[in-house]
Structures are given as C-alpha cells and as structure tokens.
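Structural description and commentary
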Amino acid sequence: MGVSLPLDPTGEPSLVDRSHPYPAAPAGAARSDIEERILGPLNDAQRRAVTTTAGPLLVLAGAGSGKTRVITHRIAWLIQHEGVAPWKILAVTFTNKAAAEMRDRLHEMIGEAARDVAMGTFHSLCARMLRRDGEAIGLPKEFAIYDADDQARVIKGFLKEDDLPATGETKPSLILGAISRAKNDGLSADQMEDRAVTHHERLIARFARRYAAELKRLDALDFDDLLLEGLRLLQEAPAVADRYRAKWEYLHVDEYQDTNRIQYSWVRELAATHGNLCVVGDDDQSIYSWRGADIRNILDFERDWPTAEVVPLEQNYRSTQTILDAAHGVVSNNQGRKKKKLWTELEGGDQITVYGAFDPEDEAAWIVRRIEEASAAVTGRRADAPAPVSLSEIAILYRTNAQSRAIEEALLRSSVPYQLIGGTRFYQRREVKDALAWLRVLRSDTDRISYERILNVPPRGIGDKTIELLRAAAAPSVSAPEGTPYGQVIAAAGRGEVAGVNTRARNSLAGIADVINRLRDRIAAVTLPELLDGVYSESGLRAHLASEGVEGEERWANLLELRGISGRFVDLAPLDALDRFVEETALVADQDAFDGDAERVTLITLHAAKGLEWPTVFISGLTEGLFPHSRSLMDQEQMEEERRLCYVGITRAKRRLSLSYALRRGWGEGDGAPSRFLAEIPEELLDVVNDDDPRAEGETRFGRGFRSARAGFAGGESWREGSGTPGAPSGSFRPGRDLEARRRAYSAGARSGSLQVPDTDGIDEAPDDDEYIGEAPELLQPVGRIPPWAATGRGDGTALPSATGTPVLPQLRPRVAAPVRVRIPGERYFRDGDRVLHATFGEGIVVTSKLTRHDEEVTIAFAGSGVKTLAASIANLEVQG
DNA sequence: CACCTAGTACTTTTT
DNA sequence: GTACTAGGTG
C-alpha cells in the first residue's frame, strides 16, 4: 500500500536564529495595501483577532469559522504590518499536517518569509528542544522515542519476569493507560504509590516506578515524557528557558481545547516574560480528554490571563444552515459549554439523509450506492441531475477503526477508489518498525527494545531462551551496578562471553554485532536511502521477505516506500539525516497521510477528521453502543465528549450530510438501537430514506426503529437500555414472512434458501403476529461478569458495576418505570438481562446475544457455572418471569 | 528453537 | 474478525 507522507525535513521549526533580516513589508508596498490584503478578506471579529497582537488573546473559534485563516493572517500581519521578524513567531499545532497546511497558506500570502516562522506539534517541538538542550537537565544526548508498541514491549518484559498474564487487569495497554494518566496529572511513581488505595493501584504504581527506571536505562522517552521533559527543561534550566523566551516573542496555539495540563504549563512558561500568547480553540470540539486534554485550559483562560482579550468567531463559512442547526441540536444538550450558536449566510441547504440499515454490510452498501449516484460519470445522466461530485469531496466517518472494514469491502466491490486514514499505520507496520529498529540500534547501545526487535527477524535461532540470558547479562549486577548496555551484551555474547547461549544463537549474535559495526562505519559516508539498502540486505530482511510470497512482496513494497521517504532527508548531513528521520517517523500522525486532492473517497475516524472538511460527508455507525461508544455510556462527562465528537463530525460537512446506523452490529456486541444523537437533531432537518429503499416493500422496521427510538429518547422517561427496540408497538410487522423477505433482500449474493428462520416454538413466542408482548416485567440489569465492551450503562452518570474475575451470581435490580419491551420474532429472542433457566447450568442472566446465520448465540452468566455461550436452538433455555 | 494449529480473549478515539 | 497464546511437532 502506498502511503505518501508530507514529511518535510526543511519545513520543521528552525531552532537556530537566522541572521539575515526580513523587510517589514515588501519593497514599495504601501501600508494600506498590506492592510487591505491581510484584513480585506476578513470579517470584523476576525480582524480584531488578527490585529490584537500584544498580550494574551483567546479566540473562540467555532467550527468552520476561519480559525486557520485567522492564525495565518495574524502571522502575516505581525510580519508585514508590525515588522516582527518571522523567526520570532511560533505556532504550535497538534499534527504535522496542520502545521504544513498553515505554512503553505502563509507562504501564499508572504512568500519565503513563511519558511522562517517556527511551526510544529507540541511533541516535535519538545523533541527538538530536548535534542538540543536536554543535557541541561541530565538527559542523554541520544534518546529513543518509544511509541505504544515499544512501551508495551517494556511492560510485557515486566509481566514475564513476574509471571503475570498480559491480559485482564494486567493488560499492557491498561497499565500504560493508567501510567500515562498519572503522568499527565503530574504525578510521580512515588506519589502514585502514596495515593494507591486498592491492591491494583499499588500494582500499577509499582509498574510505573519500574517503567520509569527502565526507560531511563534504555535512554528512551515515551510521548508523555517528551512533553514532561520539555516542560522540565523550561522550569529547571533557566538559561535555556530564557533563550527560548527571547527567541519566540509571539506564540500561537491551535486547537487549544485539546491541550493537556503539561502542554498548558509548557506554553505558560514560554509566554511568561512577554505574555504574547494567542490561543485558538473551541470548547465544543474538545474530544481528547482521554489523552489528558483538559477542557479547563480553554474555559479558564480568562482567569489565568486576566488581561486577556476574548474574540468569539461565530460566523461559519463552511456549512449550510441545515448542517449547523443539526450540529447545534446535538451539542446544545451538553451542560458544561460556553453558550454560543454558529450562523452562516448559506441559508437552507439539503436535508440530512438518515438511513437505518439491517447490518453494517447493508449500511456500507447504501453509502457506496449513494456515492456512485452522486459521483459517477454515468452515461445517460439526466439533464437535471446534480453535477457529479469528485471523489475527493467525499468522506466517510466512523467512530472506531474497525468499522472501516465493511465500508472498504463495499467500496472494493464497486471499484470506488478510497484512501484510508489511520487503521494500521504505515510506521507501525511490522516490517517498517523492524527497519526503523535497525536504524535506532545504529545510534544507540542502550535501546534494548529495538535490539530485541532485530535479533530474530528474520529467524536466526535466537529465541526466548537466549533473550532471557541476554537480559540477565545486561541487568545491573555487583560488577556493573548500572547494568550493561544491551549492544555490548550482544557483542559479548557473540564472542562467547555470555554463559548458556547455544552455538547457533552465538554465531547469529556475532553476525549481528558484525553487521551493526559495518553499518555504523558506513553512516557518515552514504545517504540515508543507501544506508537503508545496507540494512535491508545485510540484516537479511530483504532475502527473508523475498521468500515469503505475496505477503512478503507487500512488506517489501513498504520497505521500498520507507526508503523513498528517507530520500527527503538527503540534503542534511548523514548523521543528522539519520537522527531526524528516526525522530520524525516516530512522531507522524495519521492525519499527516491525508491527501485532500486525491480523486478518492476518504475513510477516516471522527477523531482524525477534526480540522478537515468535505462537501459531502457520511457518518456511519450511529448506533447506541458504538456511537456513543459503550465505554462512554456510564459517565456523563464521557457522554458529553461523545456528543462533541458527533458535533465535530457533523460540522465537517459543507453541503451534504448523510447519517446511517445498523441495528445489528459486529461480533459480541448484540443489537443496537439508533444513536441518541439522531434523536437530538431537529426532525424537520432529517430525511429518513429507509422507505425509499427499492428493495423494501411497504414499511420497513428500520424507519420505525428510528422513529420509536426518537420517541424514546426525546420523551421524558428515556429509554436507555443498551439493546432491544424501544417505543410503541407497530402492529404491522408480520413475523416470518417479513423476516424472510428482509433476509433475502439484505443478504448479499444468492445464498437462496439457505437461511433458516430460528425456530420459535416454546421460547417466548409472541402472543400473536404482533411483536408487542404487552407490559414488560421489571427490566433487569445484569451485573457481574460482563464483557467490558458489551457493558451497558444508563448514560445518566450512574455506572454499572463491572466486576471481573470469577463470575458472581448476578444481582438483580428492578428498574423504576420500566419501558415496554418489544419482541420481534426472527430477531433475537434473548435480551440482555433476561433471566433464564438451563437444565444443567441452572439459573443465569443473559449478558449478550447475537444472531448467527442459522441460530442465536446467547452468552449467559450462570450462577454456579460461570459464563457460557450457548446456541439457542440446542440449549433449551427457559426464560423466567 | 521455529513453525504450525487450534483455541481464546478481545475492539475507542492517538501525539 | 483478529491477535495472541499454548501446545505439539519437526
């Protein structure tokens, strides 16, 4: 897969002062010309933001209100009107993409001077500063930057030492998440330990301590460390800090609502002497609290900087009024936000299309069909048909990366070209990380994680046993209290100096040490692509992939791609090129790969879509449990963040917006109801198109599912269970017949006749042909061993206890004012929370159930026998009550 | 020690 | 649907 990256080695912020001056204005340009050119295209509020140059400034920039435009014009104003030298200006963004775009736009306005404005992400700026000045706070000259995968390897090492499983409570990602959160709160491992109450918290605190010590030993920093050490540099090295404060006199921070406390402090330190700090953000677009972003940074800006000017930008230039009203309808349900409402001169606009699908495949097929209709240069196009849309103008947004699969498959079937942003990221692909690990060991003797990565790729007889011996040899001991650098251990083992290493492994280790030495000798003499050629051939990667068939070819293609990207660094001195390449490949973001001009549909997560826009946007997967995500259902704060995410998604659209959901979802997730966010959009803005589906006869249940969900959410007593179809009975549904018709209609391909209607006898049959079974008994919440991703909450802040470990007898809790339950024959017969009786296992509670092609798989937590998944047709389950 | 198979345990979002 | 593990085999 070809991934192109706008890695721009020359576009990075220069930390070195330039000596040549820039004229304050182009020669001969009258002052009024400059004013006209910079301020002319702006509205009053934008002008105020641009011309307020001294002191703190908060720009509350609603979606599509010209945020980037304000920053670029402001920088142009500073340079050309105020006569500020470009290198005195810093702009911080969250992605390289945003920085690059800003630089491009600035370049259009002011030409070459744009190159000297410092721009970058928080992480890349900190990394650069630490490379240059880190020694002032005791950091090593060379350090590796560890991503999530490297971090997990460190933790897995601990788990192995302790003989703990890498699953459940000690899953590396969970441990790392906890450590990261603590770090972002400014807690040391000691403080974590002091505050730990539960056994688990103490465990995490101990991991945090070991993790910090290990990274120090490895000369490695993780993403959090980059920021933390960047801050520490400004706080503990006054001379260095003063140099940066003097260097950057005008600071700009984009997406300020996404800054965390550390980033906030970092910015405050930099702005401390002059206070020329312009932050731009929108509290409604704060969607990264899980990453430590603290919305208080924007809400409290005026308190922190009492002299701050505040400029709200409320005119939207992107979307139609319909889209804005929908977005407002959703986000206005949030409590903690600055009240505001965007407006636009683009009155009206197309209604928002809503489609309720049977399953994700159907949903994807519908989206693709609409794309084809809108874009195809169809022959025999009707004269009055709307002009075809370019594929570059279309994006499909979803909540989780996993959702892209169904859509990709549908696009592939229809041969619609697409670009996928995120997912398995290029720099995280195995072979790419292998190659980069080689580059890292060339520059480091201590980076154990990278060494271990390369040791046995391709397989050369170095397995778990040998690794264990090497680790032991590198560990601190009486003779080497600091431990021995891993690179030296490998060389020693190659010479037979590490006891217990078998002959084959020893020879391999000697070979690796030899290759590393040879490559190191070559670094200064060859270009980066040539160095990579050496790595590929001498490491055996190339030969290995050549023997691996089609998959090997694809991986090899990725290595060639990597080699190509490295060519952008040829202008730098070889050593610098190597360092910069390794550093920047560690810090690229998904979004950086986005090509806005490519004649392709863009597939992207809602998170990654922030800051981007398209004329036509599809948001898919608007299903309760998916979006809002099930992990957010139990917490008001998290629910509001989901809502903001929805707001972000809606406001990506300029002209046309389509929303869709699938009632049946993927693995283990049971069925979902239409998302509550759909119910929050004023109904007159929506065009529910299910009934127009040519394959459906008469009323389909999808439209009804949507409308009844709407009634449920909009009504006073909210229907909030995680499953089941809410709302009033319809009375028009004919079981069996409709089911078969629908299945036939919706199963792609001709699996005719192979579908069976689950047999209905005995279990909970509907009283008549209507799915309505009258008043529901008390609706019960299952409590106990629920798969975490299937857990449902109530969205009102009350969390459901989710115990893990030994299944316990579920506690049954009656609910007040139980909503009516609806059963649809042919749909699931078992609902989450159903109490069931099994001949052997006894009493249990249904945790989830899902329909397979011929049957229904019910996952039940039994009182005495644990959690089991049973086939409904075989198990003979009896529903209680 | 590497490779294969079968079984199990999971799926938020990312610099 | 996948990613990882355990356990067996070569």
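For the structure, see preceding data.
Summarised in this report is the structure supplied together with it. (Residues numbered from 1 in each chain as written. Chains lettered and ligands numbered in written order. Predicted model: local features only at pLDDT ≥ 70, side-chain atom pairs only at ≥ 80, totals over all residues. Heavy atoms only, no water.)

**Remarks on the packing of aromatic side chains**
Selection criterion: Ring geometry is summarised as follows: Phe, Tyr and Trp rings, the Trp one being its six-membered ring, pair when their centres sit within 6.5 Å, and such pairs are stacked at plane angles under 30 degrees, edge-to-face over 60 and tilted between the two. Counting from the N terminus, the helices are the DSSP runs of H or I reaching at least four residues and the strands are the DSSP runs of E reaching at least two. In this scheme, a residue with accessible area under 20% of its type's maximum is buried, one over 50% is exposed, and one in between is partly exposed, where area comes from a 1.4 Å probe on protein chains only.
Under the defined criterion, the tally for this structure stands at 13 aromatic pairs. Ring geometry for Phe 94 against Phe 122: centres 5.4 Å apart, planes inclined by 65°, an arrangement best described as edge-to-face. Here the residue Phe 94 occupies a position in the loop between β2 (89–93) and α4 (96–110), and Phe 122 occupies one in helix α5 (residues 122–133), the gap between them amounting to 28 residues. For Phe 122, a relative accessible area of 2% puts it in the buried group. Between the aromatic rings of Phe 122 and Trp 266, the centroid separation amounts to 5.7 Å while the plane-to-plane angle is 70°, which identifies the pairing as edge-to-face. Linking Phe 122 in helix α5 with Trp 266 in helix α12 (residues 261–271), this pair joins segments that are 144 residues apart in sequence. Relative accessible area serves as the criterion here: at 1%, Trp 266 is assigned to the buried category.

**With respect to the nonpolar core**
Where a protein is soluble and globular, its nonpolar side chains tend to be buried together. Our working definition: The term nonpolar core refers to a set of buried residues drawn from Ala, Val, Leu, Ile, Met, Phe, Trp, Tyr and Cys, joined through side-chain atoms within 4.5 Å. Contacts are assigned to residue pairs that have any heavy atoms within 4.5 Å of one another.
Within the largest apolar cluster, 48 residues are counted, with the highest numbers of intra-cluster contacts made by Trp 438, Leu 439, Leu 455, Leu 562 and Phe 581. Considering every element that reaches this core, the biggest residue donor is helix α18 (residues 430–443), with 8 residues. Look past the residues within four positions of Leu 562 in its chain and what remains in contact with it is Phe 426, Tyr 427, Val 432, Ala 435, Leu 436, Leu 532, Tyr 536 and Phe 581.

**Details of the pairing of strand β10 (residues 394–398)**
For clarity, the threshold we go by: Two strands are said to pair when DSSP picks up at least two bridges between them.
Across the 5 residues of β10, 5 count as buried, placing the element largely inside the fold. Neither face of β10 is open: one carries Ile 394, Ile 396 and Tyr 398, the other Ala 395 and Leu 397, and all of them are buried. Alignment of β10 against strand β13 (residues 614–619), held across 4 bridges, turns out to be parallel. Each bridged residue has a counterpart across the sheet, and for Leu 397 the counterpart in β13 is Ile 619. Alignment of β10 against strand β12 (residues 601–605), held across 4 bridges, turns out to be parallel. Within β12, the position partnered with Ile 396 by the bridge is Leu 603.

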